[in-house]
Amino acid sequence: MNESLADILAVSALIVALVLVHRPLGDYMAAVYSSTRHLRVERWIYRSIGADPDAEMRWTAYLRGVLAFSFVGVLFLYLLQRVQNHLPWSLGFDPITPDQAFNTAVSFVANTNWQSYSGEAAMGHLVQAGGLAVQNFVSAAVGMAVAVALVRGFARFRTGELGNFWADLVRGTIRVLLPISVLFAIVLVALGTIQNFSDIQQVQTLTGTDQSVTGGPVASQEAIKHLGTNGGGFYNANSAHPFSSPDAISNMLLIFLILVIPFSMPRTFGRMVGNVKQGWTIVAAMGVIWLAGVIAVTVVEHQAPGTASQLAGGSMEGKEQRFGEGASSLFAVSTTMTSTGAINSFHDSFQGLSGGVLIFGMVLGEVAPGGVGSGLYGMLMLAVIAVFISGLMVGRTPEYLGKKLGAREIKLAALYILVTPALVLGGTAYAMANGDGEEAMTNVGAHGFSEVLYAYASASNNNGSAFAGLGANTEFFNTTLGLCMLLGRFLPMVFVLALAGSLAEQRRVPVTAGTLRTHQPLFAGMLVASTVVVAGLTFFPALSLGPLAEGLAT
Amino acid sequence: MSFNPRVMARPLWAALRALLVLTLVTGVIYPAVITGVAQAAFSGKANGSMVEADGREVGSELIGQTWNDADGDPDPRWFQPRPSHSGYDPGATGSGQLGASDPTLVETVAEARRQVATFNGVREDEVPPDAVTGSGSAVDPHISPEYAAIQTHRVAEANDLSADEVAGLVEDHIEGRDLGFLGNERVNVLALNLALRELAQG
């Protein structure tokens with residue numbers, strides 16, 4: 001079978017699988033978050049927490065829950081890394097340094113999973129499974145909870161109540177993330193992903209050299225790392241490592257896991273607001289952008305116009321033979337357009353223009369389809385902007401889902417949109433101006449600049465992948481990128497929940513002939529245009545200095 | 001919103017308890033259950049797909065190795081793997097991170113092409129991309145069928161085998177795309193070299 005046909009079949013199979021699954025999964029999640037019943041294990045958890053799962057919260061209380069839980073999470077994970085040498089299964093590794101431990105703790109709590117550390121050489125099994133992987137679950141559940149709170153803001157009228165944070169957190173973890181992770185972790189082991197608590201094993205090869213083979217509970221972490229759009233790997237090589245992803249089937253399963261919740265959440269949204277067609281426009285906008293990215297990167301990688309790639313005869317630098325260019329491109333776009341940031345090949349060695357598409361995917365705000373939860377609330381914020389722009393065009397007061405979008409709502413959406421560009425561009429400019437950026441580069445010229453831009457784009461949008469040539473384990477980068485991850489995650493959440501609170505208080509605006517039809521293809525087009533134009537205008541200058549300059553030079 | 005310390009303290013206490021309980025569920029019970037199932041049902045794979053020869057473990061099917069002679073140069077008797085950024089050290093996975101047009105990478109690729117072509121006695125334009133580029137993991141266990149093919153003559157000669165025999169061996173070890181359409185065709189270097197060893201020992 002020729003290469004292009006195989007690529008087309010692979011992408012088609014993935015799309016078919018997502019289309020088949022999004023309905024039952026989306027409906028299931030809507031039922032989970034709307035349910036009034038509690039599982040026995042959940043009752044036990046609520047008792048341990050000391051929380052009443054049926055107590056409704058206003059947006060401020062909900063936000064306090066989110067922030068308190070995340071703050072405690074950062075603290076706990078920081079301490080765990082700092083004392084890892086005293087813990088079992090530490091594999092003899094030293095404690096992580098304060099700046100790197102801060103960076104990593106924030107990174108995992110913020111659902112970013114930027115890896116300033118090298119997994120196989122720094123983190124013991126206990127920190128991996130009992131610290132990092134726990135945040136893989138709960139940071140994802142927090143994202144989903146905030147998205148659901150926003151959806152309730154749209155779905156409810158004349159109330160300030162948005163649900164109960166503790167109930168949403170626990171249900172997301174226990175009823176959604178955990179069962180799917182268990183299933184896929186076992187499938188991954190069956191394919192060859194390792195799952196043990198062994199020490200490093202010494203073997204002597206046939207040529208008489210020694211090799212140290214590493215162990216670890218990898219499959220259990222791989223499953224949730226992708227399902228929760230986290231991305232932080234067991235290894236420095238992440239999912240390029242054959243112990244993480246042993247063949248092209250496991251590779252495809254990981255891509256499916258990355259995309260399945262983000263592409264199903266619009267269905268959940270549609271169900272909860274009582275009109276599934278409203279979910280269709282959202283998912284259509286996400287899908288169109290994602291597919292455009294996949295096509296662009298796949299084509300460029302196969303053409304491989306870079307000077308070194310031309311000489312080598314293909315774009316295989318940083319890529320695994322079992323995946324090749326097609327499966328690597330599909331993974332790369334899926335991981336950067338969600339907030340995952342896992343990798344199966346090194347983005348730094350992708351073609352110049354491909355790298356530009358990957359950065360663009362992140363600076364869109366991680367909405368195509370975005371992270372679990374954050375993708376949906378990000379796209380809904382952009383929908384608010386799109387409705388507002390449409391309203392200006394026809395001179396009517398903007399309304400969305402029976403809610404008036406007044407000055408307060410638009411201000412909150414605008415603030416939301418402004419946070420990450422300020423962090424990305426401000427951070428990049430600061431790193432470049434004071435010399436720390438240049439010092440950390442592996443590459444020269446425009447591509448070196450791209451490494452810095454990529455880092456701040458990735459951290460601020462909570463992606464976590466990297467142009468990994470950047471030597472980011474310095475106090476400067478650990479600190480500034482840590483702050484970007486923190487602010488890039490939680491400031492937007494403040495605006496989302498504030499918006500949810502103000503929407504929920506409104507009364508229903510009757511649908512009239514003048515109401516914008518937000519469940520029709522035209523609006524999906526409007527949404528795509530707003531998303532691309534907002535990010536495009538903001539980031540075009542920065543992109544032209546880096547990936548565009550590099551790509552056009554070859 | 002209120003930042004009254006008492007109002008903030010209550011959720012913090014709940015948060016700490018929530019974190020501990022969820023750590024128990026997702027950080028202790030979950031990995032323990034998966035490990036239990038994995039070890040019971042797929043112990044070979046769960047422990048790294050280790051490969052045995054002469055009654056001892058000689059590596060993992062999934063982790064590439066170097067095939068050098070005592071001086072650390074590529075040994076002509078073995079099929080050679082892809083270039084590795086870390087010399088196939090599983091303790092330092094990752095790649096060289098150079099961009100597709102980077103001048104240093106251009107030099108590295110050019111040098112690798114010359115080396116591979118000379119070593120195998122083929123023309124430079126016969127050298128496939130995977131033979132001159134570092135993988136992502138630095139422990140890629142596979143090479144392309146093309147790279148295996150250009151090594152057959154050299155390997156056959158060094159082992160006193162006929163080129164046809166060795167070419168047949170390569171043919172037998174080509175793994176197609178998974179399910180026919182996923183990923184790339186490939187050859188597992190360790191598996192191929194083990195089979196070669198058996199053939200050479202007659």
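These notes cover the structure that comes with them. Predicted model, so just to flag it, every value in this text is computed and none were measured.

1. Things to note about the overall build of chain A
- Scanning chain A for helices and strands turns up 19 helices and four strands.
- Taken over the C-alpha trace, chain A has a radius of gyration of 22 Å; the compact-globule value for 554 residues is 24 Å, and the two agree within 12%.
- Once the C-alpha set of chain A is aligned to its principal axes, its extents read approximately 80 × 55 × 50 Å.
- Across the 554 residues of chain A, 66% fall into the buried class.
- Carbon and sulfur atoms make up 64% of the accessible area of chain A, which totals about 17200 Å².
- Between the mean site of the 28 positive side-chain charges and the mean site of the 31 negative ones, chain A shows a separation of 23 Å.

2. Some details on the packing of aromatic side chains
Residues and elements named next belong to chain A.
- Tallied over the full model, the rule gives 18 aromatic pairs over all chains.
- A centroid spacing of 6.1 Å and a plane angle of 40° characterise the contact between Tyr-400 and Phe-523, whose relative ring orientation is tilted. One end of the pair, Tyr-400, is in strand β3 (residues 399-400); the other, Phe-523, is in helix α19 (residues 521-553), and 123 residues separate them in sequence. One exposure class covers both Tyr-400 and Phe-523, and it is buried.

3. A look at the interface of chain B and chain A
- Across the contact, 97 residues belong to chain B and 105 residues belong to chain A.
- Counting across the chain B and chain A interface gives zero salt bridges.
- There are 32 residue pairs in polar contact (both at pLDDT 80 or more) connecting chain B and chain A.
- Where the side of chain B that touches chain A is concerned, the elements lending two or more residues are α1 (5-41), α2 (43-46), β1 (50-53), β2 (56-60), α3 (103-120), β3 (142-143) and α6 (189-201) of chain B.
- Here the side of chain B that touches chain A gets 25 residues from one element, more than from any other, and that element is α1(B).
- Residues belonging to the side of chain B that touches chain A are distributed by class as follows: 51 nonpolar, 32 polar and 14 charged.

4. What about the sheet that holds strand β5 (residues 186-188) of chain B?
All names here are of chain B.
- Reading across from one edge, β3-β5-β4 is the order of the three strands in this open sheet, with antiparallel pairing throughout. Unpaired on one side and paired on the other, β3 and β4 (174-175) mark the two borders of the sheet.
- In terms of strand pairing, β3 meets β5 through two bridges, oriented antiparallel. Pairing of His-142 across the sheet is with Asn-188, part of β5.

5. Remarks on a nonpolar patch on the surface
- Taken together, Leu39(A), Val41(A), Trp44(A), Leu24(B), Val28(B), Ile29(B), Val33(B) and Val37(B) make up a surface patch of nonpolar side chains, about 620 Å² in accessible area.
- Among the secondary structure elements, those contributing two or more residues to the nonpolar patch are α2 (40-49) of chain A together with α1 of chain B.
- Here the nonpolar patch takes five residues from α1(B), the largest share from any one element.
- Inspection of the secondary structure assignment puts Leu24(B) in helix α1.
- Here Leu24(B) falls in the partly exposed class, since its relative accessible area comes to 37%.

6. Quick look at the pattern of salt bridges
- Scanning the model with the defined rule gives 18 salt bridges over all chains in all.
- Across the pair Lys319(A) and Glu301(A) runs a salt bridge whose closest N-O atoms are separated by 2.7 Å. Placement of Lys319(A) in the loop between α11 (307-312) and α12 (324-337) and of Glu301(A) in helix α10 (residues 276-303) is noted, with a sequence separation of 18 residues between them. For the residue pair Lys319(A) and Glu301(A), the accessibility class agrees, reading buried in each case.
- The shortest N-O distance in the salt bridge between Glu124(B) and Arg113(B) comes to 3.7 Å.

7. A few points about α1(B)
- For α1(B), which comprises 37 residues, the first-to-last C-alpha distance of 52 Å matches the rise-based estimate of 54 Å (1.5 Å per residue) to within 8%.
- The largest bend along α1(B) measures about 30° and falls at Thr23(B).

8. Brief notes about the side chain of Ser450(A)
- Within the secondary structure, Ser450(A) sits in helix α17 (residues 445-460).
- Residue classification places Ser450(A) among the buried positions, given a relative accessible area of 1%.

9. Details of the environment of Glu171(B)
- Here Glu171(B) shows up in helix α5 (residues 163-173).
- Along the sequence, Glu171(B) and Leu192(B) sit 21 residues apart, while their C-alpha atoms lie 10.0 Å from each other.

10. Some remarks on the pairing of strand β2 (residues 210-213) of chain A
Residues and elements named next belong to chain A.
- Covered by surrounding structure in β2 are Gln-211 and Val-213 only, the residues Asp-210 and Ser-212 on the alternate face being uncovered.
- Two elements, strand β1 (residues 201-204) and β2, share four bridges in a ladder whose sense is antiparallel. Note that in β2 the partner of Gln-202 across the bridge is Ser-212.
- Linking β1 back to β2 in an antiparallel pair, the connection comprises five residues, with Gly-208 at a positive phi of about 90°.

11. Considering the nonpolar core
- Formed by 181 residues in total, the largest nonpolar core has its most connected members in Phe69(A), Phe165(A), Trp166(A), Ile261(A), Ile282(A), Trp290(A) and Tyr400(A).
- When residues in this core are grouped by element, the largest group, 17 residues, is from helix α6 (residues 125-155) of chain A.
- When near neighbours in sequence (up to four residues on either side) are disregarded, Ile282(A) contacts Pro266(A), Phe269(A), Leu376(A), Met379(A), Leu380(A), Ala383(A), Tyr400(A) and Leu527(A).
- Formed by 36 residues, the second largest nonpolar core is a distinct cluster that contains Leu105(B), Val132(B), Val187(B) and Leu190(B).

12. Section: the side chain of Glu222(A)
Residues and elements named next belong to chain A.
- The topology assignment puts Glu-222 in helix α8 (residues 218-227).
- Among the residues examined, Glu-222 registers a relative accessible area of 1% and is labelled buried.
- One polar contact links Glu-222 to Ser-244, side chain to side chain, over a distance of 3.3 Å.
- Filtering out sequence-adjacent residues up to four positions away, Glu-222 remains in contact with Leu-188, Thr-193, Ser-239, Ser-244 and Leu-254.

13. Here's the deal with the packing of helix α13 (residues 352-363) of chain A against α17(A)
Residue and element names in this part refer to chain A.
- Direction vectors running N to C along α13 and α17 enclose 25°, while the axes themselves pass 9 Å from each other. In terms of their interaxial angle, α13 and α17 are classed as roughly parallel. Crossing angle aside, the handedness with which α13 passes α17 is left-handed. From α13, Leu-358, Ile-359, Met-362 and Val-363 reach across to α17, where they touch Ser-450, Leu-453, Tyr-454, Ala-457 and Ser-458.
- A breakdown of the residues in the contact of α13 with α17 according to their chemical character gives seven nonpolar, two polar and no charged.

Cut-offs applied
Residues numbered from 1 in each chain as written. Chains lettered and ligands numbered in written order. Predicted model: local features only at pLDDT ≥ 70, side-chain atom pairs only at ≥ 80, totals over all residues. Heavy atoms only, no water. Helix = DSSP H or I, 4+ residues; strand = E, 2+ residues; numbered from the N terminus. Rg over C-alpha atoms; globule rule 2.2 N^0.38 Å. Buried < 20%, exposed > 50% of the residue type's maximum accessible area, 1.4 Å probe, protein only. Areas by Shrake-Rupley, 256 points an atom, 1.4 Å probe, with all protein chains shown as cover. Lys, Arg positive; Asp, Glu negative; His and termini not counted. Charge placed at Lys NZ, Arg CZ, Asp CG, Glu CD. Phe/Tyr/Trp six-rings, centres within 6.5 Å; stacked < 30°, edge-to-face > 60°. Contact = heavy atoms within 4.5 Å. Salt bridge = Lys/Arg side-chain N within 4 Å of Asp/Glu carboxyl O. Polar contact = N/O pair within 3.5 Å; in protein donor to acceptor, adjacent residues only side chain to side chain. Nonpolar A, V, L, I, M, F, W, Y, C, P; charged D, E, K, R; others polar. Pairing = 2+ DSSP bridges. Patch = residues over 30% accessible without salt bridge, like charges linked within 9 Å, V, L, I, M, F, W, Y side chains within 5 Å. Expected span 1.5 Å × (residues − 1). Bend = angle between axes of the 7 residues up to and from the residue. Core = buried A, V, L, I, M, F, W, Y, C linked by side-chain atoms within 4.5 Å. Axes fitted to C-alpha atoms, helices over the stretch in contact; angles between N-to-C directions. Parallel < 35°, antiparallel > 145°, perpendicular 65-115°, else oblique. Left-handed = near helix turned anticlockwise from the far one by under 90°.

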